[in-house]
Amino acid sequence: MGTERDNSICFSFGVIADIQYADVEDGYNFMKTRKRYYRNSITLLSEAVEEWNKDCMPPSFILQLGDIIDGLNAQHKASKKALKNVMQEFKKSKADIHHIWGNHEFYNFSRHCLMSSALNSQHLGNSMTPASSNRVNSNVGEDKQETFYCYDFCPFPSFRFVVIDCYDLSTLGREDCSKKYQESLKIIRKINKNEDLNNPEGLGAAKQRFVQFNGGLSQDQLEWLDEVLSYSDENQEKVIVVGHIPVHPCAADTICLVWNFDDVLAVLYSHKCVVSFMAGHDHDGGYFQDERGIHHITFEGVIETPPTSHAFGTVFVYKDKMILKGNGRVPHRVMPYPECDNQ
């Protein structure tokens, strides 16, 4: 019984990560080991949007997992122009775009600027959870330098997406005088003694995440996340948490992890509703299903995808599982929900 219902698609959504567009010649990553196709990345985005639009079941929305334009744009004073070019491609989409913020957003813009930009998709949040309602009310008069970017939305009954801010604790995007900047600087300098805080030299695998291109979640945000997930537990919802940086060491290179990933996992593990955590940041991608059955998916980056390939996916959501239909470097995956595994 229930097989027919479980085999019907509830909804679908598209995912793309680390576009990092810049109108410059191809280059390489910091270690000079990976080629980056800066100018062609917008072409791959355009082709992804075209594919989503012509799908017989177009996605209900698109998750843009952060690093939409590259930090090189700031060096060339081209940040606004580059963002405008990329957003013109996204405007061709029939579906709404949910934007996550990564380190390259903060290389190009301040947090204050991002809050009033087209990359703030909080208006797409449709949550009625007490935690989100309280957060909207508390934002009135809040110090804009200390706020964090997060929201949740429910695209289909019994399913909720939670967008988190992985650079809530960060030296990127905040003014030097802000409390969170000072707190973040103290966190990273306690462990990373290098002059260049993006340099992981001497940290070892267990601590190499303490570099400037990563960040963390404040206690306030962890408490907000906990409240949202408690609501989902009570209402028997399935939750997909979305952020730029991975939170499980087995789902990405250990240099590409949230500073306090263990605190984030502790919150996720205290709730039965979480079925997946989706991130970008590590351009190689990754996947791991942890001991709680949560699917940690790190999506491959567009920026390091050759012009002859692709890096985007469409996730088809069922009552008992999610199926990722990958394109190019993004592999196909069938992901049963924890309680449905082995059934």
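Note on numbering: residues in each chain are counted from 1, in written sequence order. The predicted origin of the model limits local features to residues at a pLDDT of at least 70 and limits the giving and counting of side-chain atom pairs to 80 or more, whereas totals for whole chains, interfaces and linings rest on all residues. Side-chain numbers here rest on the full set of heavy atoms in the structure, without hydrogens or water.

## So, the overall build of the chain
Next, step 1: Counting from the N terminus, the helices are the DSSP runs of H or I reaching at least four residues and the strands are the DSSP runs of E reaching at least two. Within the chain, the secondary structure is distributed over 10 helices and 14 strands.
Next, step 2: Radius of gyration: over C-alpha atoms. The globule rule applied is 2.2 Å multiplied by the number of residues raised to the 0.38 power. Taken over the C-alpha trace, the chain has a radius of gyration of 19 Å; the compact-globule value for 343 residues is 20 Å, and the two agree within 12%.
Next, step 3: Seen through its C-alpha atoms, the chain measures out along the principal axes to roughly 60 × 45 × 40 Å.
Next, step 4: By the burial criterion, 58% of the 343 residues in the chain qualify as buried.
Next, step 5: Contact between two residues is taken to exist if any of their heavy atoms lie within 4.5 Å; hydrogens are not considered. Long-range pairs, those at least 24 residues apart, make up 67% of the contacts in the chain with a sequence separation of at least 6.
Next, step 6: A 1.4 Å probe and the Shrake-Rupley method give the accessible areas. Residues count as covered only by the protein chains that appear here. As displayed, the chain has an accessible area near 15,000 Å², and 50% of this comes from carbon and sulfur atoms.
Next, step 7: In the chain, 35 positive and 46 negative side-chain charges are present, and the distance between their average locations comes to 3 Å. The classification of residues rests on relative accessible area computed with a 1.4 Å probe and restricted to protein chains. Under 20% of the type maximum is buried, over 50% is exposed, and intermediate values are partly exposed. As used throughout, the charge tally considers Lys and Arg to be positive and Asp and Glu to be negative, leaving His and the chain termini uncounted. Taken as the charge location is NZ of Lys, CZ of Arg, CG of Asp or CD of Glu.

## Some thoughts on the packing of helix 9 (residues 219-234) against helix 10 (residues 261-269)
If you want to describe how two helices pack, look at the angle between their axes and the distance between the axes.
Next, step 1: Axis definition: a line fitted to C-alpha atoms, limited for helices to the stretch in contact. Angles are taken between N-to-C directions and run from 0 to 180 degrees. Where helix 9 contacts helix 10, the two axes come as close as 9 Å, and the packing angle between them is 20°. Relative to helix 10, the element helix 9 is oriented roughly parallel. Where helix 9 crosses over helix 10, the two elements pack in a sense that is right-handed. Two secondary-structure elements touch here, helix 9 through Leu-222, Leu-225, Asp-226 and Leu-229 and helix 10 through Asp-263, Val-264, Val-267 and Leu-268.
Next, step 2: The residue classification treats Ala, Val, Leu, Ile, Met, Phe, Trp, Tyr, Cys and Pro as nonpolar and Asp, Glu, Lys and Arg as charged. All others, Gly included, are polar. Looking at the contact of helix 9 with helix 10, its residues break down into six nonpolar, no polar and two charged. For classification purposes, angles smaller than 35 degrees are called roughly parallel, those larger than 145 roughly antiparallel, those between 65 and 115 roughly perpendicular, and all remaining angles oblique. For any helix crossing, the convention is left-handed if the near helix is rotated counterclockwise from the far helix by under a right angle, and right-handed if that rotation is clockwise.

## Regarding the sheet that holds strand 9 (residues 274-279)
Next, step 1: In short, DSSP must find at least two bridges between two strands for them to pair. Spatially, 6-7-8-9-11-10 is the arrangement adopted by the six strands of the open sheet, whose pairing is mixed. At either end of the open sheet lies a strand with only one pairing partner, and these are strand 6 (151-156) and strand 10 (286-289). For this sheet the average axis-to-axis angle between neighbouring strands, irrespective of direction, equals 15°.
Next, step 2: Note that strand 9 and strand 11 (residues 295-298) share four bridges and pair parallel. Residue Ala-279 lies in a different strand from strand 11, and its bridge partner there is Thr-298.
Next, step 3: Helix 9 rests against strand 6, strand 7 (159-163), strand 8 (238-242) and strand 9 of the sheet, and its axis sits at about 175° to strand 7.

## So, the confidence of the model for the chain
Low-pLDDT stretches of the model should not have their predicted coordinates read in fine detail.
Next, step 1: Per residue, pLDDT captures the predictor's confidence, and it can take any value from 0 to 100. Here the chain averages 93 in pLDDT, and 92% of its residues register 70 or above.
Next, step 2: Considering only residues more than four positions removed or in separate chains, one finds that residues 1-5, a stretch of pLDDT under 50, has one contact.

## So, the packing of aromatic side chains
Next, step 1: Whether two aromatic rings pair depends on their centres lying within 6.5 Å, for rings of Phe, Tyr and Trp, where Trp uses its six-membered ring; planes under 30 degrees apart make the pair stacked, over 60 edge-to-face, and the rest tilted. The full count for this structure, using the stated rule, is 19 aromatic pairs.
Next, step 2: Of note, Lys-321 hangs over the ring of Tyr-318, and the distance from its end group to the ring centre comes to 4.5 Å. As a reminder, the over-ring test applies to NZ of lysine and CZ of arginine, requiring each to be within 6 Å of the ring centre and within 35 degrees of the ring normal.

## Looking at the pattern of salt bridges
Next, step 1: Salt bridges are identified by distance alone: a Lys or Arg side-chain nitrogen within 4 Å of an Asp or Glu carboxyl oxygen. Counted under the stated rule, the structure contains 13 salt bridges.
Next, step 2: Glu-51 is the partner of Lys-54 in a salt bridge, and the nearest nitrogen-oxygen pair spans 3.1 Å. Placement of the pair is Lys-54 and Glu-51 together in helix 2 (residues 41-54), with a separation of three residues, close to one helical turn.
Next, step 3: Given the relative accessible area of 36%, Glu-51 is considered partly exposed.
Next, step 4: Asp-152 is paired through a salt bridge with Arg-160; the nearest N and O atoms lie 2.9 Å apart.
Next, step 5: What emerges from the salt-bridge pattern is a single network uniting Arg-34, Arg-36, Asp-284 and Glu-304.

## A short note on the sheet that holds strand 4 (residues 61-64)
Next, step 1: Within the open sheet, the six strands sit side by side as 5-4-1-12-13-14. Their pairing is mixed. Taken across any chain shown, the strands that pair with only one partner, and hence form the sheet edges, are strand 5 (96-99) and strand 14 (333-336). On average, each strand axis in the sheet is tilted by 20° relative to the strand beside it, whichever way the strands run.
Next, step 2: Pairing analysis gives four bridges linking strand 1 (residues 11-16) to strand 4, with the strands arranged parallel. Bridge pairing in strand 4 places Gly-14 opposite Ile-62.

## Looking at the side chain of Asp-282
Next, step 1: Examined against the element boundaries, Asp-282 turns out to sit in the loop between strand 9 and strand 10.
Next, step 2: For the buried Asp-282, no salt bridge exists, and the shortest N-O distance to an oppositely charged side chain is 6.5 Å, to Arg-34.
Next, step 3: What Asp-282 contacts, discounting residues up to four positions off in sequence, is Ala-252, Asp-253, Cys-256, Thr-298 and Phe-299.

## Here's the deal with the nonpolar core
Next, step 1: Each nonpolar core is a collection of buried residues, namely Ala, Val, Leu, Ile, Met, Phe, Trp, Tyr and Cys, held together in the definition by side-chain atoms within 4.5 Å. Phe-13 and Leu-268 are the most contacted members of the largest nonpolar core, which totals 86 residues.
Next, step 2: Grouped together as the second largest cluster of nonpolar side chains are seven residues, Leu-169, Leu-185, Ile-188 and Trp-259 included.

## So, the pairing of strand 10
Next, step 1: Bridge count for strand 10 against strand 11 is four bridges, and the pairing is antiparallel. By the bridge assignment for strand 11, Gln-289 is matched with His-295.
Next, step 2: Once strand 10 ends, the chain turns through five residues before running back antiparallel as strand 11, passing Gly-293 with a positive phi of about 90°.

## Considering the environment of Ser-230
Next, step 1: Structurally, Ser-230 can be placed in helix 9.
Next, step 2: Expressed as a C-alpha distance, the spacing of Ser-230 and Ser-270, which sit 40 residues apart in the sequence, is 9.0 Å.

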